[in-house]
Amino acid sequence: MRQEELIAFIIEQGSVTSGEVAERFNVPVTFAHQVLRRLKDRGILETSGGPYPYTFHLTSEAGELLQDLRESHGSRAWVFLLGLGIGLVLGFASRGGNKDDESEKDAD
């Protein structure tokens, strides 16, 4: 299961549970939950519900980016959904790296 495929699935569904991801990608529920939590920790996903099962969905920032893409690219939006998934993973990964650097500086 690639993160881009997972994000595209979340975009398609609107929100997902660990069980839905596990079923869709044929992986253990615990693995699906770990991947979803990592994306949440990176600021791509938010959770609602609970205590169990959590529902994961895009953050408002990621949702706004998606809406902008849909409005500007119309019928070719599926191509940009995949690009958005890749962009979110890469963009938030680079932002996350900067936060780690700042927290290390604060620790010193």
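Read on for a plain summary of the structure. (Residues numbered from 1 in each chain as written. Predicted model: local features only at pLDDT ≥ 70, side-chain atom pairs only at ≥ 80, totals over all residues. Heavy atoms only, no water.)

## As for the overall build of the protein
And then number 1: Check the secondary structure of the protein and you find five helices and two strands.
And then number 2: Listing each helix as α and each strand as β along the protein from the N terminus yields α-α-α-β-β-α-α.
And then number 3: A buried classification covers 30% of the 108 residues belonging to the protein.
And then number 4: Across the protein, contacts joining residues at least 24 apart in sequence account for 44% of those joining residues at least 6 apart. (Helix = DSSP H or I, 4+ residues; strand = E, 2+ residues; numbered from the N terminus. Buried < 20%, exposed > 50% of the residue type's maximum accessible area, 1.4 Å probe, protein only. Contact = heavy atoms within 4.5 Å.)

## Side note on the nonpolar core
And then number 1: Membership of the largest hydrophobic core comes to 19 residues, with the highest contact counts inside it found for Leu6, Ile10, Val16, Val21, Leu36, Leu45 and Leu58.
And then number 2: Sorting the residues of this core by element identifies helix 1 (3-13), helix 2 (18-25), helix 3 (29-41) and strand 2 (54-58) as the ones contributing at least two each.
And then number 3: At five residues, helix 1 tops the list of elements feeding residues into this core.
And then number 4: If we skip the residues at most four places from it in the chain, Val16 touches Phe9, Ile10, Val21, Leu36, Tyr54, Thr55 and Phe56. (Core = buried A, V, L, I, M, F, W, Y, C linked by side-chain atoms within 4.5 Å.)

## Quick notes on the packing of aromatic side chains
And then number 1: Considering all chains together, one arrives at one aromatic pair under this definition.
And then number 2: Measuring from centroid to centroid gives 5.8 Å for Phe9 and Phe25, while their planes differ by 85°, and the two rings are edge-to-face. Of this pair, Phe9 sits in helix 1 while Phe25 sits in helix 2, and the two are 16 residues apart along the sequence. Exposure class is identical for Phe9 and Phe25. Each is buried. (Phe/Tyr/Trp six-rings, centres within 6.5 Å; stacked < 30°, edge-to-face > 60°.)

## Focus: helix 3
And then number 1: If you check helix 3, its first and last C-alpha atoms are 18 Å apart, about what 13 residues at 1.5 Å a residue would give, namely 18 Å.
And then number 2: Buried residues of helix 3: Ala32, Val35, Leu36 and Leu39, and no others. Along the axis of helix 3, the buried residues cluster in a sector spanning 95°; they form a single face. With respect to the buried face of helix 3, the exposed residues turned more than 90 degrees away are Thr30 and Asp41.
And then number 3: On its buried side, helix 3 packs onto helix 1, helix 2, strand 1 (45-49) and strand 2.
And then number 4: Positive phi shows up at Gly43, right after helix 3, with a value of about 90°. (Expected span 1.5 Å × (residues − 1). Arc of directions from axis to C-beta.)

## A few points about the packing of helix 2 against helix 3
And then number 1: Relative orientation of the contacting elements helix 2 and helix 3 amounts to 115°, with a least axis distance of 8 Å. By the angle class used here, helix 2 and helix 3 are roughly perpendicular. Seen from above, helix 2 lies across helix 3 with right-handed handedness. Residues Ser18, Gly19, Val21 and Ala22 of helix 2 form the contact with helix 3, whose participating residues are Val29, Ala32, His33 and Leu36.
And then number 2: In the contact of helix 2 with helix 3, the residues fall into five nonpolar, three polar and no charged. (Axes fitted to C-alpha atoms, helices over the stretch in contact; angles between N-to-C directions. Parallel < 35°, antiparallel > 145°, perpendicular 65-115°, else oblique. Left-handed = near helix turned anticlockwise from the far one by under 90°. Nonpolar A, V, L, I, M, F, W, Y, C, P; charged D, E, K, R; others polar.)

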